[in-house]
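Secondary and tertiary structure notes
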Amino acid sequence: MAVETIAPDWEFDRFDDGSQKIHTEVQLKNYSKFLEEYTSQLRGIEEALDDSIGDVWDFTLDPIALKLLPYEQSSLLELIKTDNKVLNKVITVYAALCSEVKKLKYEVSMYSNGQIYLELSCFVSRCYEVVVNIVHQLAALYNSNKGTATIIESSGVHFQTVYEHLGELLVVLLTLDEIMGNHGTLKDHWKMYKRLLKSVHHNPGKFSIPEEKLKPFEKLLLKLEGQMLDGMILQACVEQRFDDPGEGVAVAKNGAFAEEFSFNIRTIFTNVESKIGEPSEIDQRDKYACVCGLFVLHFHIFRSVDKRFYKALLDICKKVPAVTLTANIIWFPDAFLLAKVPAAAKLMDKKSLQSIRAHRDTYLQQRAQALTKDVQSYYVFVTSWMMKMESILSTENKSDKLAEDLNSRCNVFVQGILYAYSISTIIKTTMNMYMSMQRPMTKTSVKALCRLVELLKAVEHMFYRRSMVVADSVSHITQQLQSQALNAIGVAKKRVISDKKYSEQRLDVLSSLVLVENALSGPSTKERRLVVSLALCVGTQLKTFKDEELLPLQLVLKKLDLISELSERVKLQCDCSFLYWHRAVFPIYLDDVYDNAVDAARIHYMFSALRDSVPSMLHAKHMESCDQLLESYDKEIMDVFNEHLLDKLCKEIEKDLRLSVHRHLKLDDRNPFKVGMKDLAHFFSLKPIRFFNRFILIKAYVTHYLDKTFYNLTTVALHDWATYSEMRNLATQRYGLTMTEAHLPSQTLEQGLDVLEIMRNIHVFVSRYLYNLNNQIFVEKASNNKHLNTINIRHIANSIRTHGTGIMNTTVNFTYQFLRKKFYIFSQFMYDEHIKSRLIKDIRFFRETKDQSDQKYPFDRAEKFNRGIRKLGITPDGQSYLDQFRQLISQIGNAMGYVRMIRSGGLHCCSSAIRFVPDLEDIVNFEELVKEEGLSEETQKAASVLDSVLEDLTSNSAEGTEYFKMLVAVFAAEFRSAKNMHLRNFYMIVPPLTVNFVEHSISCKEKLNKKNKTGAAFTDDGFAMGVAYILKLLDQYLEFDSLHWFQAVRDKYKKEMNAVVKEQSIQTASQDEKLLQTMNLTQKRLDVYLQEFELLHFSLSSARIFFRADKTAAEETQEEKKDKADQCSQLEDCTMWENAPR
């Protein structure tokens, strides 16, 4: 059987069973799902890595922003193209005039900050021309003159859009009038300028101005004043001559035009009246001002007044007594209508006019009372709206519910604009009315208004945060709205085409509908929407649209306007530049934020509102540079911010930290249930606040303040370093502040009194502290505490380690200054006649009787001197002149003891610092080692510094500076000079001084065992140091030793003690107990006195060693000369050795 071979290019006959399509759809769905998941993962990664990447934008950080407003590339002539040439011309003319009005309206915003008069005058003249042109164009269309040819059939055509634009232009002129009227500074400066011109006129040669040029200039100034400053800008516009024979257009006597004009005003007013003051109000107040302007223009052209309509206009004032035109310029419609239409005002009842004026105060009171309630309501409204925005914009569009989703987004966007308009209106009207009527505002009202400002900026920030999604949504929503409008137009167009009756009017309607379709088929630009609006004014006649069709179409077009200009509308309604004129509320607001720290994050919104004033300031012309104004504003706001928030916050945080650290002292009641609690930590979780070109970080500011304060206070009182360290740790734990370590040399807990403090107050120190020579310690005389402060070498060493060794020389210098003052008093005492005469007498007596007294100065003589001094007088606290002199010498001795302690402390500090150096005799040179290794220049410098430090420490630890020698040398020459011969008697006053000192010392020691220890002391070696120092200065050690004073004292007391012992042995036989007790007490007293004199002798001998008492001044001089000679001979030997031949 033959097998049929199959060709390699053979293929099975295919048939479509649908399986391939199903499989394809499944794969596409899987792929779509994968892409969605992958996209969401990528977005999650991006948001985790950086907060600024993603759909959420930050208002304060982003350097760029999206601008959604589309710009029209085509001209009006290209947009307005139909087969109906006449209609094209009519629509083009009105569209061009309306566009011109919009341009002028935009331009005036640039003039609002003091533009030069001449340019402003040209601008006003241009406005006048445009008003006349619009009136002429409208009058030409609605012409009641039967002899004139009809341009188009206008019986059912009402160009309401043109009248609205005309009204807007009149409001611009009205705003300029109000600005000029409210600008007192401008008027004052104008008067000053005119006075200056008058002085120029009297002496033109001085100012180098030709006289023939002055008169034309003066005329120009008068013209400008009449046009700009007299409040006649709008008045001059409406009083223009509209009937111009040359134009061939009748205006004033054109009945059809007058009727059409009146009809459009009423139509606009009807729309305004129904919505003004309602939640759905969006621009009705502005249109109300337009209606008033149009009414005044109608009155001045046609000289007719509708009393009923005039009353209806005034009745609105009960709902809206004032309208904010711009910034702080508020306009009162009733005053305007009464002033501009006086004929109608005469027809009105005076009582009703007065009631309207009185209603302003009532309105303001009601507004103030309702503010708190409004804040609560709008807080709920805005927060719920923000939640809707987040939920709607975060959900992904589903293809089956796309139309429904876009519709809900559109409604939410429109609702946001409505809330913004309502809140903005409340704030502006209330604030400006208070300012204009000069009424005081309560703090509650201010806080409520500031809350509303926050809500207003919250709306703006919400739109901005979701800029990406909003931008994407706006383009889709506009397309959907255009589609809905085109559907409605298509239905109407079919209706017109289906009617076979031909007429020019029907042709105009059809052409206008075609024009609307063409305009809606492109991007939703201002020009296209204007063309749509104008074309529909023609297209809605002949009942083209049914009532149930026209209202939805108008609503769709209104939404299209809002959505197309969404970003511009949001920016306009949320603009808070008016706050520049109400800066006085800022301090009250900051106080409120500080008191309610829980929601501190709202401060971002207020600073955002304050930033809105900046763009206007950039156009300021009254200064050489707008930077001056910006700097002044910046400084003012920052000063207030610092005073009312930052500084208060810093002080409160510091106070809280201090009270927490010192809680054990129980300074005040810290129970939060009693005194309340304010959690200020919320301020530190705030993001940086952007203002001008800086970011304000509250956390960093407070941290810097605390760092600075703690550092400065630690340097002043270094012993508090542990307290401030604890406060730093607490600041980190409680408030999350990252504090900086002070890096100051910390003091030990036994720091004692600081060297710096003693140095600055050495006169206080030497009088309040007592010196102990052997232990080298200072003890406080008296204290209010239960303990006495002591200062020893370790304390001084720690203090020197803190401040550095340089403090030692400074301390000695301060001591020198102190000694100078004390020696002046010392010299005065020694020069006193009573003292000098007694001392000379004693010296003469000793010289004459020393042979009889065994070369010893008699104790009785010294005791007599001590007692005799008391006859010269005593102080209120019972001290004699000798007591005071003793205290003076003790203070001098204390100062010397302090210098000794400083030297010992310095040596102690240096030895502690250098204890890690292994061998002081062999210290390597680190700089040379570093250079050998070829290390960096910085390392070489560091090594050099280390070498110098080691060298300094080595020299200081090996030998201290001979401060005593310096202090002797500096005073000795003066003390030993011929003019101070009276000081030579000092050695003779030492014996009475010692008697006085011993009596004082025994008295102080006895008080130690008493309950009242005032004046108690166990040591006072400052006296011995002082005597030794002064004897050295006077070179009187030999003279004093020649008195053999202490030997005389010893002999005296031993003699008395022997006598007592003899008496005791006699009395023991008689057994008289009382007499024996007396003898025992006498013996004990003599023992105490002798012991005290011996202690003084030992102390004085020890003190004399410091001043080298073994050598006289002449011997020391001789020794110094010998040392110098030895050094010179050593140098010569070295030189000879170096120069010797080798």
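Procedures and definitions
- Residues numbered from 1 in each chain as written.
- Predicted model: local features only at pLDDT ≥ 70, side-chain atom pairs only at ≥ 80, totals over all residues.
- Heavy atoms only, no water.
- Phe/Tyr/Trp six-rings, centres within 6.5 Å; stacked < 30°, edge-to-face > 60°.
- Helix = DSSP H or I, 4+ residues; strand = E, 2+ residues; numbered from the N terminus.
- Lys NZ or Arg CZ within 6 Å of the ring centre and 35° of its normal.
- pLDDT = per-residue confidence, 0-100.
- Contact = heavy atoms within 4.5 Å.
- 1 Å grid on protein atoms, 1.4 Å probe; cavity = no way out; pocket = protein on both sides within 12 Å on 5 of 7 lines; lining within 4 Å.
- Points joined across faces, edges and corners; volume = space filled by probe spheres on them.
- Nonpolar A, V, L, I, M, F, W, Y, C, P; charged D, E, K, R; others polar.
- Buried < 20%, exposed > 50% of the residue type's maximum accessible area, 1.4 Å probe, protein only.
- Pairing = 2+ DSSP bridges.
- Axes fitted to C-alpha atoms, helices over the stretch in contact; angles between N-to-C directions.
- Parallel < 35°, antiparallel > 145°, perpendicular 65-115°, else oblique.
- Salt bridge = Lys/Arg side-chain N within 4 Å of Asp/Glu carboxyl O.
- Core = buried A, V, L, I, M, F, W, Y, C linked by side-chain atoms within 4.5 Å.

Going by an unreviewed UniProt entry, the protein carries the name WASH complex subunit 4 and comes from Cyclopterus lumpus.

So, the packing of aromatic side chains
Counting across every chain of the model gives 54 aromatic pairs. Between Phe 381 and Tyr 419, the aromatic rings sit 5.8 Å apart at their centres with planes inclined by 10 degrees, giving stacked as the arrangement. With Phe 381 in helix 14 (residues 350–394) and Tyr 419 in helix 15 (residues 402–436), the pair connects residues that are 38 residues apart, well separated along the chain. A connected cluster of aromatic rings, assembled from ring pairs, spans Tyr 816, Phe 823, Phe 826, Phe 829, Phe 885, Phe 964, Phe 971, Phe 975, Phe 986, Tyr 1029, Phe 1106 and Phe 1107. Of note, Lys 836 hangs over the ring of Tyr 831, and the distance from its end group to the ring centre comes to 4.4 Å.

Comments concerning the confidence of the model for the protein
Here the protein averages 85 in pLDDT, while 89% of its residues score no lower than 70. A low-confidence stretch, residues 1–8 stays under pLDDT 50, and its non-local contacts, those more than four residues away or across chains, total zero contacts. For the stretch residues 1134–1138, pLDDT sits under 50, and the model shows one contact to residues farther than four places along the chain or on other chains.

So, the layout of surface pockets
Of the voids in this model, the second largest pocket is the one considered here, and its volume is about 720 Å³. If you trace the second largest pocket, you find 33 residues lining it, with Gln 879, Arg 886, Gln 887, His 1000 and Cys 1004 closest to the centre. Residues of the lining of the second largest pocket, tallied by class, amount to eight nonpolar, 16 polar and nine charged.

Focus: the side chain of Thr 703
Relative to the assigned elements, Thr 703 resides in helix 27 (residues 698–716). On the accessibility criterion, Thr 703 (9% relative accessible area) is buried. With sequence-adjacent residues up to four places away left out, Thr 703 is seen in contact with Leu 737, Thr 738 and Met 739.

Here we look at the pairing of strand 1 (residues 323–326)
Sheet faces and side chains relate simply in a regular strand, where the side chains alternate between the two faces. Inspection of the sheet shows strand 1 paired to strand 2 (residues 329–331) by three bridges, in the antiparallel sense. Bridging across to strand 2, Val 323 finds its partner in Trp 331. The turn linking strand 1 back onto strand 2 is made up of two residues, and Ala 327 within it adopts a positive phi angle of 50 degrees.

Observations regarding unusual backbone geometry
Note on backbone geometry: most residues besides glycine have negative phi, and most peptide bonds are trans. The phi torsion at Ala 327 lies on the positive side, around 50 degrees, for a residue other than glycine. Relative to the assigned elements, Ala 327 resides in the loop between strand 1 and strand 2. For Ala 327, a relative accessible area of 26% gives the class partly exposed.

Considering the packing of helix 35 (residues 881–913) against helix 39 (residues 986–1006)
Interhelical geometry of helix 35 versus helix 39 gives an angle of 95 degrees and a closest axis separation of 10 Å. Taken together, the axes of helix 35 and helix 39 are roughly perpendicular relative to one another. Listed contacts from helix 39 to Leu 882, Asp 883, Phe 885, Arg 886 and Ile 889 of helix 35 are Phe 986, Ile 989, Pro 992, Leu 993, Asn 996, Phe 997 and His 1000. Partitioning the contact of helix 35 with helix 39 into residue classes produces eight nonpolar, two polar and two charged.

Observations concerning the pairing of strand 5 (residues 769–772)
Going residue by residue along strand 5, you find Tyr 769 and Tyr 771 tucked away on one face and Leu 770 and Asn 772 tucked away on the opposite face as well. Looking at chain direction, strand 5 and strand 6 (residues 777–780) are connected through four bridges and run antiparallel. Residue pairing for strand 6: Leu 770 is matched across the bridge by Val 779.

Side note on the environment of Leu 590
Relative to the helices and strands, Leu 590 is located in helix 22 (residues 585–595). Leave out the neighbours within four places in its chain, and Leu 590 touches Ile 603, Val 640, Phe 641, His 644 and Leu 645.

A closer look at the pattern of salt bridges
By the definition in use, this model includes 47 salt bridges. Where Lys 311 meets Asp 315, a salt bridge forms, and the shortest distance between an N and an O atom there is 3.7 Å. Here Asp 315 and Lys 311 lie together in helix 11 (residues 307–319), a separation of four residues that amounts to about one turn. Under the relative-accessibility criterion, Asp 315 is labelled partly exposed at 32%. The partner of Glu 654 in a salt bridge is Arg 658, with the nearest N and O atoms 3.0 Å apart.

Topic: the nonpolar core
Core analysis: the biggest nonpolar cluster contains 220 residues, and Phe 159, Phe 641 and Ile 698 have the highest contact counts within it. Look past the residues within four positions of Phe 159 in its chain and what remains in contact with it is Val 90, Ile 91, Tyr 94, Leu 141, Tyr 142, Glu 260, Asn 264, Leu 534, Cys 537 and Val 538. Among the nonpolar cores identified, the runner-up in size contains 91 residues, and Ile 791, Val 812, Phe 997 and Phe 1023 belong to it.

A word on empty space enclosed by the protein
Enumeration according to the criterion identifies one cavity of 30 Å³ or more in this entry. Here the largest cavity defines a volume of roughly 30 Å³. Contributing elements (two or more residues each) for the lining of the largest cavity: helix 22 and helix 23 (603–611). Residues that form the lining of the largest cavity fall into these classes: five nonpolar, one polar and one charged.

Describing the sheet that holds strand 6
Pairing is antiparallel in the open sheet, where three strands are placed in the order 5-6-7. Across the chains shown, the open sheet's two edge strands, defined by having one partner strand only, are strand 5 and strand 7 (790–792). The average undirected angle you get between the axes of adjacent strands in this sheet is 20 degrees.

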